[in-house]
Amino acid sequence: MTQQAFIPDPNLSTSQAERLFSGPIGTEYQMLDLICPAAAAMSKRVGGFVAGFPADVRKHPGSLSVFEIGCGTGITTLALLQSRGDLLILAADNEPAMLSQARENLSIFIEQGRVRLIEVDALSATSAIFA
Ligand SMILES: C[S@@+](CC[C@H](N)C(=O)[O-])C[C@H]1O[C@@H](n2cnc3c(N)ncnc32)[C@H](O)[C@@H]1O
């Protein structure tokens, strides 16, 4: 069996082309646990991997800054935040339905200032969002 490559439609704008999580797939995303029980373990492994990274020495000395693309409902964001206490995350997603769940799931860390959520298309994001 041959694998088909995903070729984006060049007539769609980037935001249209990437809105794959609008509708029920986004609002029912917690079903992922049933569909893919290994997903949570994979997120934890990402956290375990990043836990071994050295802290920043320049912009935020003593902490590690992460830009997460496609944070969804915040499952991996949470695993990252729990993996080490010095992590600061800018988490981006272009789907409001996913971000509103992330806002709820990560509320404690948002209040602590350890994570900032932004609604943006990562493909057209500019360096202005890091300012
Ligand atoms: C598989 S889901 C969420 C995965 C999430 N990291 C997790 O651990 O559960 C992928 C996410 O990427 C977002 N996404 C896809 N293309 C994007 C883009 N161009 N810019 C920003 N977010 C995007 C989707 O809206 C969706 O929430």
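Caption draft 1: Just the confidence of the model for the protein, in detail. Across the protein, the average pLDDT comes to 86, with 82% of residues at 70 or higher. Element-level pLDDT for the protein is lowest in helix 1 (residues 14-17), with a mean of 56, against a maximum mean of 98 in helix 7 (residues 107-111).

Caption draft 2: Geometry of the sheet that holds strand 3 (residues 115-119). The three strands lie next to each other as 1-2-3, forming an open sheet whose pairing is parallel. Each of the sheet's edge strands pairs with one partner strand only, and the pair in question is strand 1 (64-69) and strand 3. For this sheet the average axis-to-axis angle between neighbouring strands, irrespective of direction, equals 15°. Taken together, the six bridges between strand 1 and strand 2 (residues 87-93) define a ladder with parallel strand orientation. Note that in strand 2 the partner of L64 across the bridge is L87.

Caption draft 3: How the structure looks around the site of the ligand. The full set close to the ligand counts 18 residues, and G70, T76, D93, D121 and A122 are the nearest of them. Within the contact set of the ligand, a nitrogen atom lies 2.9 Å away from a backbone nitrogen or oxygen of G70. Between an oxygen atom of the ligand and a side-chain N or O atom of T76, the distance comes to 2.4 Å. Across the complex, the protein chains shield 82% of the 600 Å² of accessible surface that the ligand would expose by itself. In terms of residue class, the shell around the ligand is made up of eight nonpolar, five polar and five charged.

Caption draft 4: Up close: the nonpolar core. Counting 15 residues, the largest nonpolar core has L81, L87, I89, A91, L106, V115 and L117 as the members making the most contacts within it. Elements supplying a minimum of two residues to this core: strand 1, helix 5 (75-83), strand 2, helix 6 (96-105) and strand 3. In terms of residue count, strand 2 provides more of this core than any other element does, three residues in total. Dropping the residues within four chain positions of it, L117 is found in contact with C71, A91, L99, A102, R103, L106 and I110.

Caption draft 5: Focus on helix 5. Where helix 5 is concerned, the buried positions are T77, A79, L80 and L81. Buried residues belonging to helix 5 abut helix 4 (39-50), strand 1, strand 2, helix 7 and strand 3.

Caption draft 6: The arrangement of a nonpolar patch on the surface in detail. Taken together, L20, F21 and I25 make up a surface patch of nonpolar side chains, about 270 Å² in accessible area. Tracing the sequence through the fold places L20 in the loop between helix 1 and helix 2 (24-27). The exposed category is assigned to L20, whose relative accessible area is 51%.

Caption draft 7: Structural context of helix 4. The end-to-end C-alpha distance of helix 4, which contains 12 residues, comes to 17 Å, matching closely the 16 Å that a straight helix rising 1.5 Å per residue would cover. Within helix 4, the full set of buried residues consists of A39, S43, G47 and V50. For helix 4, the buried positions fall inside an angular range of 90° around the axis, keeping them on one side. Facing away from the buried side of helix 4, by more than 90 degrees, are the exposed residues M42, K44, R45 and F49. The inward-facing, buried residues of helix 4 contact helix 3 (32-35), strand 1, helix 5 and strand 2.

Each value, and the rule that gives it
- Residues numbered from 1 in each chain as written.
- Predicted model: local features only at pLDDT ≥ 70, side-chain atom pairs only at ≥ 80, totals over all residues.
- Heavy atoms only, no water.
- pLDDT = per-residue confidence, 0-100.
- Helix = DSSP H or I, 4+ residues; strand = E, 2+ residues; numbered from the N terminus.
- Pairing = 2+ DSSP bridges.
- Axes fitted to C-alpha atoms, helices over the stretch in contact; angles between N-to-C directions.
- Near = heavy atom within 4 Å.
- Polar contact = N/O pair within 3.5 Å; in protein donor to acceptor, adjacent residues only side chain to side chain.
- Areas by Shrake-Rupley, 256 points an atom, 1.4 Å probe, with all protein chains shown as cover.
- Nonpolar A, V, L, I, M, F, W, Y, C, P; charged D, E, K, R; others polar.
- Core = buried A, V, L, I, M, F, W, Y, C linked by side-chain atoms within 4.5 Å.
- Buried < 20%, exposed > 50% of the residue type's maximum accessible area, 1.4 Å probe, protein only.
- Contact = heavy atoms within 4.5 Å.
- Patch = residues over 30% accessible without salt bridge, like charges linked within 9 Å, V, L, I, M, F, W, Y side chains within 5 Å.
- Salt bridge = Lys/Arg side-chain N within 4 Å of Asp/Glu carboxyl O.
- Expected span 1.5 Å × (residues − 1).
- Arc of directions from axis to C-beta.

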